[in-house]
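# Tertiary structure, described
The residues making up each chain are set out below.
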Amino acid sequence: MTQREAQFTNESEARNCERVMGDSRHGLVPETNQQAWDQRYLSREQLFSGEPNGVLVSEMVDLPPGQALDVGCGEGADARWLAERGWQVTAVDVSRVALERAAREAGGHGVAWTRADLSATAPPAAAFDLVSAQYFPLRHEPDHTAARGLLAAVAPGGTFLFVGHDPGDLPPGTNHNFDPSDYYHPHEIAGLLDDDWAVLVDETRPRTAPPPPGTHHAHDTVLRAKRLR
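The structure contained in this document is the topic of the report that follows.

What counts, and at which threshold
- For every chain, the first residue of its written sequence is number 1, and the numbers climb from 1 along that sequence.
- A pLDDT threshold of at least 70 governs which residues receive local features in this predicted model, and a stricter bar of 80 or more applies before side-chain atom pairs are shown or counted, although totals over entire chains, interfaces and linings include all residues.
- Excluding hydrogens and water, the side-chain figures rest on all heavy atoms present in the structure.
- Helix and strand definitions here come from DSSP, where helices need a minimum of 4 consecutive H or I residues and strands a minimum of 2 consecutive E residues; each element is numbered from the N-terminal end.
- In this analysis, two residues are considered to be in contact whenever any of their non-hydrogen atoms come within 4.5 Å of each other.
- Surface exposure here means Shrake-Rupley accessible area, sampled with a 1.4 Å probe, where a residue is shielded only by the protein chains that are shown.
- Definition used for salt bridges: Asp or Glu carboxyl oxygen within 4 Å of a side-chain nitrogen of Lys or Arg.
- Burial classes: relative accessible area under 20% of the type maximum marks a residue as buried, over 50% as exposed, and values in between as partly exposed (1.4 Å probe, protein chains only).
- For two strands to count as paired, DSSP must find a minimum of two bridges between them.
- Axis angles are defined between N-to-C directions and span 0 to 180 degrees, where every axis is a line fitted to C-alpha atoms and, for a helix, only to the segment in contact.
- Think of it like this: strands point away, you trace from the first strand over the helix to the second, and a clockwise trace means the crossover is right-handed.

On to the overall build of the chain, then. A count of helical and extended segments in the chain gives 7 helices and 7 strands. Ordered by position from N to C terminus, the α and β elements of the chain give α-α-α-β-α-β-α-β-β-α-β-α-β-β. Considering only contacts in the chain between residues 6 or more positions apart, those separated by 24 or more positions represent 70%. Summed over all atoms, the accessible surface of the chain reaches about 11,000 Å², with 49% contributed by carbon and sulfur.

The next thing to look at is the pattern of salt bridges. Taken as a whole and assessed by the stated rule, the structure comprises 10 salt bridges. Measuring nitrogen to oxygen at the nearest pair gives 3.0 Å for the salt bridge that ties Arg224 to Glu59. Linking Arg224 in strand 7 (residues 219-227) with Glu59 in helix 3 (residues 54-60), this pair joins segments that are 165 residues apart in sequence. Look at Arg224 and you get buried, because its relative accessible area is 11%. The class of Glu59 is buried, set by a relative accessible area of 9%. Measuring nitrogen to oxygen at the nearest pair gives 3.1 Å for the salt bridge that ties Arg96 to Glu100. Of this pair, Arg96 and Glu100 both sit in helix 5 (residues 96-106), 4 residues apart, which is roughly one turn of that helix. Judged by relative accessible area, which is 18%, Arg96 ranks as buried. Put simply, Glu59, Asp62, Glu203, Arg205 and Arg224 are held in one network by salt bridges that share partners.

Here the focus is unusual backbone geometry. For Tyr135, which is not a glycine, the phi torsion comes out positive at approximately 60°. With respect to the secondary-structure elements, Tyr135 resides in the loop between strand 4 (128-134) and helix 6 (145-152). Note on Tyr135: relative accessible area 23%, which makes it partly exposed. Unlike most non-glycine residues, His144 shows phi in positive territory, near 60°.

Attention now goes to the sheet that holds strand 5 (residues 154-165). Strand order in this open sheet of 7 strands is 3-2-1-4-5-7-6, and the pairing throughout is mixed. In this open sheet, the two strands that pair with only one neighbour each are strand 3 (111-115) and strand 6 (197-206). Sheet twist, expressed as the mean angle between neighbouring strand axes with direction ignored, is 15°. With 9 bridges joining them, strand 6 and strand 7 adopt antiparallel strand pairing.

Let us now look at the pairing of strand 5. Strand 5 sits mainly inside the fold: 9 of its 12 residues count as buried. Summarising the sheet, strand 4 and strand 5 pair through 6 bridges and their orientation is parallel. Bridged to Ala133 within strand 5 is Phe162. Between the parallel elements strand 4 and strand 5, the chain passes through helix 6 in a crossover that is right-handed.

Position of Thr208 among the secondary structure elements: in the loop between strand 6 and strand 7. A relative accessible area of 64% means that Thr208 is categorised as exposed. For the pair Thr208 and His219, spaced 11 residues apart in the sequence, the C-alpha separation amounts to 8.7 Å.

See the structure below:
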């Protein structure tokens, strides 16, 4: 993955899907899933703050750059932050709208913007020095296929960083239109790790930034693990 795509076009999408996912079909995303996220992004001119996530900044500032996979990259703030620090970043999202915005904001930062659903299609194994999933909605599966696919993408010596919202911050009795227990939380991913991994962080901590408007997210749940072999 030496050539980095600065724009998100049909041609770059096909190249990146072939390079990253082994399949040049545009997107590799179920249409209904893409439409739902596209509509969410289209509902606002900018959905997120444009700043990198605080846990990523605090946990990764001491790591030497390498190949990074940004899972559910959204509008690209984390990918840009990593690229500015020398990382070769593959940034993946299901939303074309989000990726187009991210590519525009990236300017000269070399990031491979790739449309795919990593909850359904596994990334290449042992390919990344960092796999970062910040608030990525990963549904539980009986065989943990998607979760294990993300873990397998970490190269020996690499880092897996999985961050979620603390469900304890949600007010009781509120209809959130989803059940948090349907999704993996960092401590559950930690339970899938074997002796090939060292868990460096598995905790709940206060957010370093104010909660997003209209939410009650005051704490993050954080897993940082290193793949030993």
